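Coordinate analysis (summary)
Single-letter residue listing:
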Amino acid sequence: MANSSTRRATGQAQRVAAAPAVPATRHAARGPAAARAAVSTPGRVLARAPRAAARAEPATPYDARPFLPARVSMASLREAAAGCRGCPLYLRGTQTVFGEGRRNARLVLVGEQPGDAEDLSGHPFVGPAGRLLDDALSSAGIARSDAYVTNVVKHFKWEQRGKRRLHGKPNAREVKACLPWLRKELQLLRPQVLVCLGATAARALLGSGFKVSVQRGKPVTFAGAEHALATVHPSSILRQLTSEDRRRELAHFIKDLRVAGRLLAG
Ligand code: SF4
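Thresholds applied
- Residues numbered from 1 in each chain as written.
- Predicted model: local features only at pLDDT ≥ 70, side-chain atom pairs only at ≥ 80, totals over all residues.
- pLDDT = per-residue confidence, 0-100.
- Contact = placed C-beta atoms within 7 Å.
- Buried ≥ 20, exposed ≤ 12 C-beta atoms within 10 Å, placed from the backbone.
- Helix = DSSP H or I, 4+ residues; strand = E, 2+ residues; numbered from the N terminus.
- Pairing = 2+ DSSP bridges.
- Near = placed C-beta within 6 Å.
- Nonpolar A, V, L, I, M, F, W, Y, C, P; charged D, E, K, R; others polar.
- Core = buried A, V, L, I, M, F, W, Y, C linked by C-beta atoms within 7 Å.
- Expected span 1.5 Å × (residues − 1).
- Axes fitted to C-alpha atoms, helices over the stretch in contact; angles between N-to-C directions.

For the rest of this paragraph, the subject is the confidence of the model for the protein. Looking at the protein, pLDDT values average 83 and 77% of them are 70 or higher. Within the model, the stretch residues 1-57 combines pLDDT values under 50 with 33 contacts to residues more than four positions away or in other chains.

Next comes the structure, spelled out in structure tokens:
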């Protein structure tokens, strides 16, 4: 049986083979420095990138809407999202990781993006942060099987550090490009309670000025659900440096989820 690094290497090789050649404008899209580097060899500049090229838009339009299906259902959305090329993240991720859960779920949990384990498995919240979420939901009296879980961004953004693929935060363009998928999921689900996990989800849905550190655990108005609130992303609890800090943050997280539980019971 292939180990995970072999599978990863094989997957990357297949993606490289399948991926279109990176256009010159892609270098420009990374900024003037990248554009200059693209026309240089080590130690010697062959040519200067023209100013206009450095400002040019990449070939990718940063918009998932052209990939939405004509007839919207959860199945058609999932199928169409698997072929989304709405932003450059499809070139990095193994696959689209769409939301999962009961079609009639009253609780919807929205995170930032899939992580390494989710990218490889194709399922949301199955890695360490997902296991912590399961435990916290259970402590708050909520069964994960009663919820629908998804992310604002459907492809894993990552950077290679040694043998590890480190999480890379999606930028504002990538979030905006991917939002049409989440909006359609929410239109179909019409949740009673929406919980944003982390600042990326909270700002994308509840407003760019939303501050999780200040407003976490407090119900706010959101047009797409009867009730909405935000809390931290479970991965932020795992990143705490000491076990005491992790315990404290986990307790606060469970307290926020209990608010969601009360709203569900309400
Ligand atoms: S991250 Fe979203 S918009 Fe970008 S390619 Fe993936 S599904 Fe499409």
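We are not done yet, so read on.
On to the pairing of strand β9 (residues 227-231). In terms of burial, β9 is a largely internal element, five of the five residues being buried. Neither face of β9 is left uncovered, since the one carrying H227, L229 and T231 and the one carrying A228 and A230 both have all their residues buried. Here strand β8 (residues 193-197) runs beside β9; their pairing, made up of five bridges, is parallel. By the bridge assignment, L194 is partnered in β9 with A228.

Looking now at the site of the ligand. In the vicinity of the ligand there are 14 residues, among which C84, G86, C87, H155 and C178 approach most closely. Its residues assigned to classes, the shell around the ligand comprises nine nonpolar, three polar and two charged.

Before going further, it helps to spend a moment on the nonpolar core. Counting 50 residues, the largest nonpolar core has V108, V110, V195 and C196 as its most contacted members. If you tally residues by element for this core, the top one is helix α8 (residues 172-189), at seven residues. With near-sequence residues (within four places) excluded, V108 lies in contact with A147, Y148, L186, L189, P191 and L194.

The next subject is α8. In a regular helix each residue adds 1.5 Å, so 18 residues correspond to 26 Å; α8 covers 25 Å between its end C-alpha atoms and thus fits that length. Where α8 is buried, its residues touch α5 (74-81), β4 (107-111), β5 (147-151) and α9 (199-206). Positive backbone phi, approximately 45°, marks R190, located one or two places after α8.

Moving on to the pairing of strand β7 (residues 164-167). Alignment of strand β6 (residues 158-161) against β7, held across four bridges, turns out to be antiparallel. From the neighbouring strand, W158 faces β7, where its bridge partner is H167. Linkage of β6 to β7, two consecutive antiparallel strands, is achieved through a turn of two residues, within which G162 is found at a positive phi near 65°.

On the basis of which strands lie adjacent, the open sheet formed by five strands has the order β3-β5-β4-β8-β9 and mixed pairing. The sheet is open, and its two edges are formed by β3 (100-101) and β9, each paired on a single side. Relative to β8, β4 runs parallel, the two being bridged by four bridges. Bridging across to β8, V110 finds its partner in C196. Relative to β8, α9 is tilted by about 130°, and along the sheet it contacts β4, β8 and β9.

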